[in-house]
Every structure is written in C-alpha cells, then in structure tokens.
Amino acid sequence: MPLWTIHHSPGIFTAEDKGVLAGRITELYEFIGLPRFYVVVVFDETRPEDFYVGGEQSTAGVRVVIEHIARHSADTAGRRRITAKIKEILQPFVDKHDGVHWEFHVDETSEELWMINGLIPPSAGSDVEREWARTNTASVY
C-alpha cells in the first residue's frame, strides 16, 4: 500500500485540489498494477505556528511522507523514476503559490507488516492481486 501523508499550510490545497491530487496519486499506482484501494492519501493541514523548517516558522510549507509497502524500488534507476514521477505530480500544486517550501521522502517498509481488513495481501502480481485490482476490494483467498 502506498500511504501519502501530506502536511501543509492552510490555503495550499483547495478541496478540489485535494480530490485531483488524490486521483493522480491513485492513478500512478493503478498504472503499475496495484488495486486502487491500496492507495491512501491523508491531508493534514498544519497551522503556521506548528510548522517549522530549519527552526523557523513556515507560513507556506508542504511536507509529504510517503510509505511504500506493496512494492519497492529495485535499484537506483527505479528510485529516480519514482521520485521524478512524484515531483511531476506535486509540483503543479505547489507552484501555484509563491515561496512554498516543499519536500517529500519515501520510506519502503516490509510488506510482511501489513494487512488490509484483517487479510494478508496477496503476492505482488499474483492472480489474487489482479482480482483484487479488478474488483477494487479485498476478499478472502
């Protein structure tokens, strides 16, 4: 599962922006074969008095924490491709605002420590995972 937690200053993302951004993020992972319901995006609006960069209060900031569990990058080239794609998805939203400090990072954690609806997800690329993607739901297998 990819989990994107997007910490941001007020006014950076409109309700419409959030829907469009979550859709683009989901499409990225659907394109590589993941079920859409694997993708979770959480927007966390953070007040300027609670957002600091370099020890200084930030009035316009975006900090994205991405957790990859269902898939991992195999090598440096793969990691560069995914960071470029993430930048491509995020940049149009942050570029609308002057002076925004924005950054992201991706953690790749063990799929062995992950469940959905109490189920251990099927193996990557398996028939069961393809069925989960087709039906967009987790089912007992």
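All figures in this text were calculated on a predicted structure; none of them were measured in a lab.

1. What about the confidence of the model for the protein?
Averaged over the protein, the pLDDT score is 96; the fraction of residues at 70 or greater is 100%. Of all secondary-structure elements in the protein, the lowest mean pLDDT belongs to strand β4 (residues 56–57), at 93, while strand β2 (residues 40–45) reaches the highest, 98.

2. Examining the UniProt feature "domain: Tautomerase cis-CaaD-like" (unreviewed entry) in the protein
When the UniProt feature table is mapped onto this chain numbering, "domain: Tautomerase cis-CaaD-like" (unreviewed entry) sits at residues 1–136. Annotation note: span residues 1–136, helix share 33%, strand share 24%, distance between end C-alpha atoms 13 Å.

3. Examining the side chain of Glu129
Tracing the backbone shows Glu129 in helix α3 (residues 127–135). Judged by its relative accessible area of 3%, Glu129 falls in the buried class. Looking at Glu129, its side chain comes within polar contact range of the main-chain nitrogen of Gly125, at 2.7 Å. Once residues within four sequence positions are removed from consideration, Glu129 is found in contact with Gly33, Leu34, Pro35, Tyr38, Arg71, Pro122, Ser123 and Ala124.

4. Topic: the sheet that holds strand β1 (residues 2–8)
Pairing is mixed across the open sheet formed by 4 strands, whose spatial order is β2-β1-β5-β6. The open sheet has two free edges, formed respectively by β2 and β6 (101–108), since each of these has just one partner strand. Along the sheet, successive strands turn relative to each other by an average axial angle of 10 degrees, direction set aside. In terms of strand pairing, β1 meets β2 through 6 bridges, oriented parallel. By the bridge assignment, His8 is partnered in β2 with Glu45. Those strands touched by helix α1 (residues 15–31) are β1, β2 and β5 (61–68), and its axis lies near 150 degrees from that of β1.

Quick notes on the rules
- Each chain has its residues counted from 1, running along the sequence as written.
- Restriction of local features to residues with pLDDT of at least 70 applies here, the model being predicted, together with a cutoff of 80 or more for giving and counting side-chain atom pairs; totals for whole chains, interfaces and linings are based on all residues.
- Calculated side-chain values reflect all of the structure's heavy atoms, with hydrogen atoms and water omitted.
- The predictor rates its confidence in each residue with pLDDT, a number between 0 and 100.
- Elements are defined by DSSP. Helices are runs of H or I of four residues or more, strands are runs of E of two residues or more, and each kind is numbered from the N terminus.
- UniProt positions are given in the numbering used here, feature names are shortened, and annotations may be inferred rather than shown by experiment.
- The rule is simple: take the accessible area with a 1.4 Å probe, protein chains only, and divide by the maximum for that residue type; under 20% is buried, over 50% is exposed, in between is partly exposed.
- Within 3.5 Å is the distance limit for a polar contact, defined as a pair of N or O atoms, with the added protein rule that one can donate a hydrogen and the other accept it, and that residues adjacent in sequence qualify only through two side-chain atoms.
- Here a residue-residue contact requires only that any non-hydrogen atoms of the pair lie within 4.5 Å.
- Strands pair, by our definition, only if DSSP identifies at least two bridges between them.
- For helices, the fitted axis covers only the stretch in contact; all axes are lines through C-alpha atoms, and the angles between them, taken along N-to-C directions, range from 0 to 180 degrees.

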